[in-house]
Structure formats: structure tokens, C-alpha cells
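Observations on the model geometry
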Amino acid sequence: HFFLQVKPQLERRQNRTYPSLKAIVFRTQVVAGVNYFIKVYDYDYIHLKVFQSLPHENQGPSLVAFQTGKTRDDPLTYF
């Protein structure tokens, strides 16, 4: 999954590793590209906001923001 391409960005920003990171749920928002909101799990739940630019821009996905301290039952919302 392309979210694994942003895993190193999350690990750098959190200063830790996530050896078993798994995507649980995702939503999309179409903008000048696509925002992906992804709930991931590896010991705890984290919500990611990932931006994927339009194909002609030839750029990989970028981690825009993330929210830690989430639970399995927290709804995945736009942020």
C-alpha cells in the first residue's frame, strides 16, 4: 500500500519505529490531488493525513499530519 511509503516520514516525526504498521480504515478527499485519511495500527492507533498529488506532478505521497493517542473505536474524520 502506498501508505507504507509515508511510514518513514511518520517514524522520523515520531522518533520511533513501527515494525508492524497496518492500515485499518481509510477515507479520501479529492482536492488538487487526493487527501487520504488512514487509521493505522502498531501497538497503538494513529490517524494519518496523506496527500497524493496529481499524476502529472510525479511526486510520491506526503505525510501532511497525524494524530496519536487514538483508539480502535475513534471515528476516522477529516482533520
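Please read all numbers here as calculations on a predicted model, not as lab measurements.

What counts and how
- Residues numbered from 1 in each chain as written.
- Predicted model: local features only at pLDDT ≥ 70, side-chain atom pairs only at ≥ 80, totals over all residues.
- Heavy atoms only, no water.
- Salt bridge = Lys/Arg side-chain N within 4 Å of Asp/Glu carboxyl O.
- Helix = DSSP H or I, 4+ residues; strand = E, 2+ residues; numbered from the N terminus.
- Buried < 20%, exposed > 50% of the residue type's maximum accessible area, 1.4 Å probe, protein only.
- Contact = heavy atoms within 4.5 Å.
- Phe/Tyr/Trp six-rings, centres within 6.5 Å; stacked < 30°, edge-to-face > 60°.
- Pairing = 2+ DSSP bridges.
- Axes fitted to C-alpha atoms, helices over the stretch in contact; angles between N-to-C directions.

Counted according to the given criterion, the structure contains three salt bridges. Among the ionic pairs, Lys 7 bridges to Glu 11, the shortest N-O distance being 3.6 Å. Of this pair, Lys 7 and Glu 11 both sit in helix α1 (residues 3–14), four residues apart, which is roughly one turn of that helix. Taken as a pair, Lys 7 and Glu 11 share a single burial class, namely buried. Note that Arg 72 is salt-bridged to Asp 73, the shortest N-O span being 3.9 Å.

Let us look at the environment of Phe 51. Counting through the fold element by element, Phe 51 comes out in strand β3 (residues 44–52). Counting along the chain gives 22 residues from Phe 51 to Gln 29, while the straight-line C-alpha distance between them is 9.4 Å. In this view, Phe 51 contacts Val 31, Ala 32, Gly 33, Val 34, Asn 35, Gly 60, Pro 61, Ser 62 and Val 64; residues no more than four positions away in its chain are not counted.

Glancing now at unusual backbone geometry. Backbone geometry places Asn 15, a non-glycine residue, at a positive phi of 55°. Checked against the element boundaries, Asn 15 lands in the loop between α1 and β1 (22–31). Look at Asn 58: it is not a glycine, yet its phi comes out positive at around 50°. If you trace the backbone, Asn 58 turns up in the loop between β3 and β4 (62–70). The exposed category is assigned to Asn 58, whose relative accessible area is 70%.

This part is about the packing of aromatic side chains. Taken as a whole and assessed by the stated rule, the structure comprises four aromatic pairs. Ring centres of Phe 37 and Tyr 78 lie 4.8 Å apart, and the angle between their planes is 80°; on these two criteria the pair is classed as edge-to-face. Residue Phe 37 is found in strand β2 (residues 33–42), and its partner Tyr 78 is found in the segment after β4; the two are separated by 41 residues along the sequence. The buried category is assigned to Phe 37, whose relative accessible area is 1%. The partly exposed category is assigned to Tyr 78, whose relative accessible area is 46%.

Moving on, we come to the sheet that holds β3. With antiparallel pairing, four strands are arranged side by side in an open sheet as β1-β2-β3-β4. Looking along the sheet, the strands with just one partner apiece sit at the ends: β1 and β4. This sheet shows a mean twist of 15° between the axes of neighbouring strands, independent of strand direction. Alignment of β2 against β3, held across nine bridges, turns out to be antiparallel.

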